[in-house]
Amino acid sequence: MTFTAIRWESLQLALLPGLHLLGFTPQERRILGLLMRSPGSMRSREAVLIAADTDLEKDAIKTARVCISKLRKKLKALGIENAISKYSMLGYTMTAEAAHELTKRAESIKYE
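Predicted model, so just to flag it, every value in this text is computed and none were measured.

A.B. asks: Before we move on, could you go through unusual backbone geometry and cite the residues and values that matter?
C.D. replies: Of note, the phi angle at Asn-82 is positive, near 55°, even though the residue is not glycine. Along the chain, Asn-82 falls in the loop between helix H4 (60-77) and strand S2 (84-87). With a relative accessible area of 68%, Asn-82 lands in the exposed category.

A.B. asks: Got a sec to walk through the environment of Ser-85? Specific residues and values, please.
C.D. replies: One can find Ser-85 in strand S2. Beyond its immediate sequence surroundings of up to four residues, Ser-85 is in contact with Arg-72, Gly-91, Tyr-92 and Thr-93.

A.B. asks: I'd like to hear about the pairing of S2, residue by residue, with values.
C.D. replies: Of the strand pairs in this sheet, S2 and strand S3 (residues 91-94) are connected by 4 bridges, and their pairing is antiparallel. Paired with Tyr-87 across the strands is Gly-91, a residue of S3. Hairpin connection of S2 to S3: 3 residues between the antiparallel strands, including Met-89 at a positive phi of 60°.

A.B. asks: Residues and numbers for the nonpolar core, please.
C.D. replies: Nonpolar side chains in soluble globular proteins tend to end up buried together. Counting residues in hydrophobic clusters, the biggest one holds 24 residues, and the most contacted among them are Ile-31, Leu-32, Ile-68, Leu-75, Ile-84 and Met-94. Sequence-distant contacts of Met-94, that is, excluding residues within four places in its chain, are made with Leu-32, Leu-35, Met-36, Pro-39, Gly-40, Leu-75, Ala-83, Ile-84 and Ala-99.

A.B. asks: Give a detailed account of the pairing of S3, specifying residues and quantitative values.
C.D. replies: Here S3 shows a buried face lined by Gly-91 and Thr-93 and a second buried face lined by Tyr-92 and Met-94. As paired strands, strand S1 (residues 43-44) and S3 are joined by 2 bridges and run antiparallel to one another. By the bridge assignment, Arg-43 is partnered in S3 with Tyr-92.

A.B. asks: Give me the sheet that holds S3: which residues, what numbers.
C.D. replies: The strand order S1-S3-S2 describes an open sheet built from 3 strands, whose pairing is antiparallel. Taken across any chain shown, the strands that pair with only one partner, and hence form the sheet edges, are S1 and S2. Contacts from helix H2 (residues 26-37) reach S1, S2 and S3 within the one sheet, and its direction differs from that of S3 by about 70°.

A.B. asks: An account of a nonpolar patch on the surface is needed here, citing residue identities and associated values.
C.D. replies: On the surface, Met-42, Tyr-87 and Leu-90 cluster together to form a nonpolar patch covering roughly 270 Å² of accessible area. Examined against the element boundaries, Tyr-87 turns out to sit in strand S2.

A.B. asks: Tell me what's going on with the confidence of the model for the chain, and back it up with residues and numbers.
C.D. replies: Looking at the chain as a whole, its pLDDT mean stands at 78, while 71% of the residues score no less than 70. Summarising per-element confidence for the chain, the mean pLDDT is lowest in helix H1 (residues 3-14) (51) and highest in S3 (93).

Rules behind the numbers
- Residues numbered from 1 in each chain as written.
- Predicted model: local features only at pLDDT ≥ 70, side-chain atom pairs only at ≥ 80, totals over all residues.
- Heavy atoms only, no water.
- Helix = DSSP H or I, 4+ residues; strand = E, 2+ residues; numbered from the N terminus.
- Buried < 20%, exposed > 50% of the residue type's maximum accessible area, 1.4 Å probe, protein only.
- Contact = heavy atoms within 4.5 Å.
- Pairing = 2+ DSSP bridges.
- Core = buried A, V, L, I, M, F, W, Y, C linked by side-chain atoms within 4.5 Å.
- Axes fitted to C-alpha atoms, helices over the stretch in contact; angles between N-to-C directions.
- Patch = residues over 30% accessible without salt bridge, like charges linked within 9 Å, V, L, I, M, F, W, Y side chains within 5 Å.
- Areas by Shrake-Rupley, 256 points an atom, 1.4 Å probe, with all protein chains shown as cover.
- Salt bridge = Lys/Arg side-chain N within 4 Å of Asp/Glu carboxyl O.
- pLDDT = per-residue confidence, 0-100.

Okay, here's the thing in structure tokens:
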């Protein structure tokens, strides 16, 4: 998958109305967009970093871990537990149930 394809894929769902109102930063929304695009499919650590718009050369493993850790905490606070799983040293995946629940919550937010 190319850099441009990863960026586009992550941005499509990052624009889901309501995600910013649930407390996710733009960087977190792009990562969620990537993971929610194909629930159950493993996304490489590099793809997560590209979606996050993070420098791949600068301590990439730690940066990916920190981004995912923050996302897990926010999802847990929303009552969505065990949403993101790690493939040892390869990447991450989001469960279909978590993606569905998050989408449902983001779409249910009413703008005033």
